[in-house]
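# Breakdown of the fold
Residue-level listing of the chains:
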Amino acid sequence: MRKSLLALVAAGLLTTVTLTACDDGTDPGDNSDSGSATTSNGGDSSGSGGIGVILPDTKSSQRWGTDDPKYLKAAFEAGKVPYTIENAEGDKEQFKRLADKMLDEGAKVLIIANLDSVSGKAVIDDAHSRSVPVIDYDRLTLNGGADYYVSFDNERVGELQAQELVNCLTAKKVDNPIVAELNGSPTDNNATLFKNGYDRVLQTHFDNATFMKGPDQFVQDWDNDEGREIFAQMLKQYPKIGGVLAANDGLGNAAIEVLREKNMNGVVPVTGQDATVQGLQNILIGDQCMTVYKNVKLEADAAAKLAINLYKNVKSPVDDKLKDPESGAYVPFVKLEPEAITKANVKTVVDGGYVTAKVLCTAKFKAACNKAGIK
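Worth saying up front: this structure is predicted, and the values here are computed from it rather than measured.

Within the structure shown, the criterion is met by two disulfides. Residue pairing for Cys-361: its cysteine sulfur links by disulfide to Cys-369, the two sulfurs lying 2.1 Å apart. In this structure the cystine formed by Cys-361 and Cys-369 twists about its S-S bond by roughly -95°; its chirality is therefore left-handed. The pair formed by Cys-361 and Cys-369 is uniform in burial state, with each residue classed as buried. Look at the protein and number its bonded cysteines as they come in the sequence; the links are 1-2, 3-4.

What follows deals with the confidence of the model for the protein. Residue-level pLDDT values for the protein average 89, and 87% of them are 70 or greater. Every residue in residues 1-46 is under pLDDT 50, and counting partners more than four places away or in other chains gives 75 contacts.

Counting 48 residues, the largest nonpolar core has Ile-51, Phe-76, Ile-111, Ile-135, Tyr-137 and Leu-360 as its most contacted members. Among the elements that make up this core, the one with the highest residue count is helix H10 (residues 296-311) (nine residues). The contacts of Ile-135, once residues within four sequence positions are left out, are Val-109, Leu-110, Ile-111, Ile-112, Tyr-148, Val-150, Ala-303, Leu-306, Ala-307 and Leu-310. Listed in part, the 41 residues of the second largest apolar core include Val-201, Ala-246, Val-258 and Ala-340.

Let us now look at the sheet that holds strand S8 (residues 178-183). In a beta sheet, neighbouring strands pair by backbone hydrogen bonds and run either parallel or antiparallel. Pairing within the open sheet is parallel, and its three strands lie in the order S9-S8-S10. The open sheet has two free edges, formed respectively by strand S9 (212-218) and strand S10 (241-246), since each of these has just one partner strand. Looking at each pair of strands side by side, their axes are set apart by 20° on average, direction ignored. Bridge analysis of S8 against S9 gives five bridges, and the strand direction is parallel. Counterpart to Leu-182 in the pairing with S9 is Gln-217. Sheet strands touched by helix H7 (residues 224-237): S8, S9 and S10. Its angle to S8, the strand with the most contacts, is close to 160°.

Conventions we followed
- Residues numbered from 1 in each chain as written.
- Predicted model: local features only at pLDDT ≥ 70, side-chain atom pairs only at ≥ 80, totals over all residues.
- Heavy atoms only, no water.
- Disulfide = S-S within 2.5 Å.
- Buried < 20%, exposed > 50% of the residue type's maximum accessible area, 1.4 Å probe, protein only.
- pLDDT = per-residue confidence, 0-100.
- Contact = heavy atoms within 4.5 Å.
- Core = buried A, V, L, I, M, F, W, Y, C linked by side-chain atoms within 4.5 Å.
- Helix = DSSP H or I, 4+ residues; strand = E, 2+ residues; numbered from the N terminus.
- Pairing = 2+ DSSP bridges.
- Axes fitted to C-alpha atoms, helices over the stretch in contact; angles between N-to-C directions.

Laid out in structure tokens, this is it:
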């Protein structure tokens, strides 16, 4: 039923409002911009012939509903190009419909963050059949043949998660801990890359018996409710779990909620990713071990720069390339570096402007923020 309701909501988002850079009352730096269905024509009253962006959902991470739309919008408006930003709200068919609508309206470039590689490839094939280039944004579409891929070094993300989990367990002097893995969606190639990274680090500890390998499960569609249920079963099966490698902050919080019910929060280290407000707050109060800060502005700016050049019929050279594990083809790759965030450097995320002290340091977290030097 939840998925049906989401599909109805997503369908409602097809009706969009045409804005211009001069009459848009929203500050590009304002976190209140949901971005769930933002259309701007950059001075073209038809709203067509520009850059189309399709984001995956607003549930798995706060970034898709707030951060990415905000930064992409600012970059497109600075470049004075027409654009449309839409969100598929987790619906793969809606994802394809949005792309078809954009292409029918004359989009010259697409930027997509896919929900899975099957629907992503369908969109890329459709775009290429109309000679429209596509940029894979954050997530690689396997066997998709996108013209560019813009993302962070995702195996490095996993390595950072595992390294900090090891550090947290060492600091707590936990002897031979059972480590559970709560992985991302099996349909998201990034989830596989994160796992490659953290398994590479953790396997060393499993091999030398300093850690014990515990339950290890993927969570379909990064669904936090499902993640909570899965982790509850993990903890029931392994009541002495000593550490949790959760693939992002949403799944990390799902595990933390279960641990709170058992008064084990803060005792069992839990990882995360995305530097969400919730994740950072969990870190500040000691319930979460770490998160990974992926500066979304850098990612949005890099993708927007490529797209704006493509809109102007300029194909930009990039330094790196990534081999698609399914097709074997190499995709030009703009690779960005992630950063590990612990209680010691949460201030870094605030200083960088990714979140504000006002949003992060609500009454419940004010004392923890002050202790972390965030005011």
